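Results of the structural survey
What follows is the residue order along each chain.
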Amino acid sequence: MLRSLYSGISGLRSHQTMLDVIANNIANVNTVGFKASATQFEDTLSQLTKGASSPQATTGGTNPAQVGLGVKVASITTNFAQGSTQSTGRALDVMISGDGFFVTSNGGQTAYTRAGALDFDAQGRLVTPDGSLVQGWPAVDGVIDPGAPVSPVTLPKNAVSPAIATTTAKVGGNLPGDAATGTVLTRDTTVFDASGNATQLSLTFTKTAAGWDASYDDGTATPPTTSMAFTDGKLTSGTTLTLTTPAIAIDLSTATGYAGLTTASIIDQNGRDAGTLQTFTLSPDGTLVGSFSNGASQAIGQVALATFVNPGGLQKAGSSSYTATFNSGAAQLGVAGQSGMGYLSSGALEMSNVDLSQEFTNLIVAQRGFQANARIITTSDQVLQELTNLKQ
């Protein structure tokens, strides 16, 4: 009789745990990056009342007779299925599309999270809502080394894009082939030295009987000059004008010489002055790309992701984060989009993967299981009461 009482008690405890897990899932239905949990039961030891016997020549074998002693919680597993996407339009709201976790550090303790509601602190470090530092790799002169140790991802507010000296320029458009001999066209552009100082570059195009002469007045007695010849409007010779002061190679190869059009201009040059950081964007591979006032775009850092052989072995640590355990395996760090890791989507968040319809169904199952086990206890009590009444 006491066995049924204790079996009922074990059932109450197990279903109470199931109710606790379901309640936590429902409470976190709108928690960013939350992963639902599920409860699995298993039976406990069974009391052997009669052992099995083997078949004999004149008798058959018999099966063991056992009385179960109740139920217990076998495991509480975490479902790491992808949650739904919630578009926010905020640049620092980042969602992992696929496998992987953000790597964070708080007080020297490393944790992992799927919650991507990020922001910058007063020191320009990328942080989670609880102040944990998002880890990644800094860029050195725009180059990122994913093999280096991770460190806090920092947006340097005073970052400067260095000046680049102009070494090449390009002329495009059309020089009129029907212009009178001796016609002079001047085309200007701004070029830069290695310190970012800007100077005006003026090219002169002079019409000749054979085509056009491109020249640059560098103050010498024989300035750099290239004779450009055209056949049916297409440039056949004189494709480059090389300057020595400043040292610039000017590409003339795309210029044409058709009649009636005067559209020639210097369409490109590869120099720039120094610039300050204006804004940034997050690439799908986690690279923070800074946009500078001089028009340059340069990598300033990259967010690291981590994967595990057994994500189910991670231990929940609060603040929507996890810590590694012996059964999760060591974290494997890498770049988004590589080595089985998901891509990053800026302007969106991964919401909870809790399925309310499933949770309410599980809630009914847990409630009925709890009631049934409570009925076992009351029925056993009634039987015990009948036994005590036999004395009367």
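So, a few notes on the structure that sits alongside this text. Fair warning: this is a prediction, and the values are worked out from it, not measured in the lab.

1. Quick word on the nonpolar core
Ranked by internal contacts, the top residues of the largest apolar core, which has 23 residues, are Leu175, Leu201, Leu203, Phe205, Met228, Ile250 and Leu252. Breaking this core down by element, the ones donating at least two residues are β15 (168-172), β16 (184-192), β17 (198-207), β18 (211-216) and β19 (225-231). When residues no more than four places from it in sequence are discounted, the contact partners of leucine 201 are Arg187, Asp188, Thr189, Val191, Tyr216, Leu243, Ile248, Ile250 and Ile266. Core analysis: the second largest hydrophobic core is formed by 22 residues, Phe280, Leu282, Met341 and Leu344 among them.

2. Looking at unusual backbone geometry
In this structure, proline 246 follows threonine 245 across a cis peptide bond, with omega equal to -5°. We note that aspartate 232 has phi near 55°; this positive angle belongs to a residue other than glycine. As for its position among the elements, aspartate 232 is in the loop between β19 and β20 (234-237). The class for aspartate 232 is exposed, based on a relative accessible area of 70%. Backbone geometry places serine 320, a non-glycine residue, at a positive phi of 60°. Within the element layout of this structure, serine 320 appears in the loop between β28 (315-318) and β29 (321-323).

3. Things to note about the packing of helix α1 (residues 2-27) against helix α2 (residues 356-389)
Interhelical geometry of α1 versus α2 gives an angle of 160° and a closest axis separation of 8 Å. With respect to α2, the element α1 is oriented roughly antiparallel. Pair α1 / α2 crosses with left-handed handedness. Across the contact of α1 with α2, the residue classes tally to 17 nonpolar, twelve polar and two charged.

4. Comments concerning the sheet that holds β20
Taking strand neighbours across the sheet as the criterion, the five strands line up as β16-β17-β18-β19-β20 in an open arrangement whose pairing is antiparallel. Edge positions in the open sheet fall to β16 and β20, since each of these has one partner strand only. For this sheet the average axis-to-axis angle between neighbouring strands, irrespective of direction, equals 30°. Examined bridge by bridge, β17 and β18 share five bridges and lie antiparallel to one another. Following the sheet pairing, threonine 204 is matched in β18 by serine 215.

5. Focus: empty space enclosed by the protein
Here the structure, examined in full by the defined rule, presents one cavity of 30 Å³ or more. Within this model, the largest cavity holds a volume of roughly 50 Å³. Around the largest cavity, the lining residues are Ala91, Leu92, Val94, Phe102, Leu118, Leu126, Phe280, Leu282, Leu288 and Val303. Grouping the amino acids of the lining of the largest cavity by side-chain chemistry returns ten nonpolar, no polar and no charged.

6. Side note on the layout of surface pockets
In this structure, the largest pocket spans a volume of roughly 290 Å³. Around the largest pocket, the lining comprises 20 residues; the ones closest to its centre are Thr128, Asp130, Ser132, Ser319 and Ser321. Contributing elements (two or more residues each) for the lining of the largest pocket: β7 (101-106), β8 (109-113), β28 and β29. In terms of residue count, β8 provides more of the lining of the largest pocket than any other element does, four residues in total.

7. Regarding the sheet that holds strand β23 (residues 265-269)
Strands pair in a sheet through their backbones, by hydrogen bonds, and they do so in one of two ways: parallel or antiparallel. Ordered by their spatial adjacency, four strands build an open sheet running β21-β22-β15-β23, and the pairing between neighbours is mixed. Lying at the two open borders of the sheet, with one neighbouring strand each, are β21 (240-242) and β23. For this sheet, the mean inter-axis angle between neighbouring strands, taken without regard to orientation, is 25°. Examined bridge by bridge, β15 and strand β22 (residues 249-251) share three bridges and lie parallel to one another. Bridging across to β22, alanine 169 finds its partner in isoleucine 250.

Each value, and the rule that gives it
Residues numbered from 1 in each chain as written. Predicted model: local features only at pLDDT ≥ 70, side-chain atom pairs only at ≥ 80, totals over all residues. Heavy atoms only, no water. Core = buried A, V, L, I, M, F, W, Y, C linked by side-chain atoms within 4.5 Å. Buried < 20%, exposed > 50% of the residue type's maximum accessible area, 1.4 Å probe, protein only. Helix = DSSP H or I, 4+ residues; strand = E, 2+ residues; numbered from the N terminus. Contact = heavy atoms within 4.5 Å. Axes fitted to C-alpha atoms, helices over the stretch in contact; angles between N-to-C directions. Parallel < 35°, antiparallel > 145°, perpendicular 65-115°, else oblique. Left-handed = near helix turned anticlockwise from the far one by under 90°. Nonpolar A, V, L, I, M, F, W, Y, C, P; charged D, E, K, R; others polar. Pairing = 2+ DSSP bridges. 1 Å grid on protein atoms, 1.4 Å probe; cavity = no way out; pocket = protein on both sides within 12 Å on 5 of 7 lines; lining within 4 Å. Points joined across faces, edges and corners; volume = space filled by probe spheres on them.

The analysis is restricted to geometry; functional conclusions fall outside its scope.
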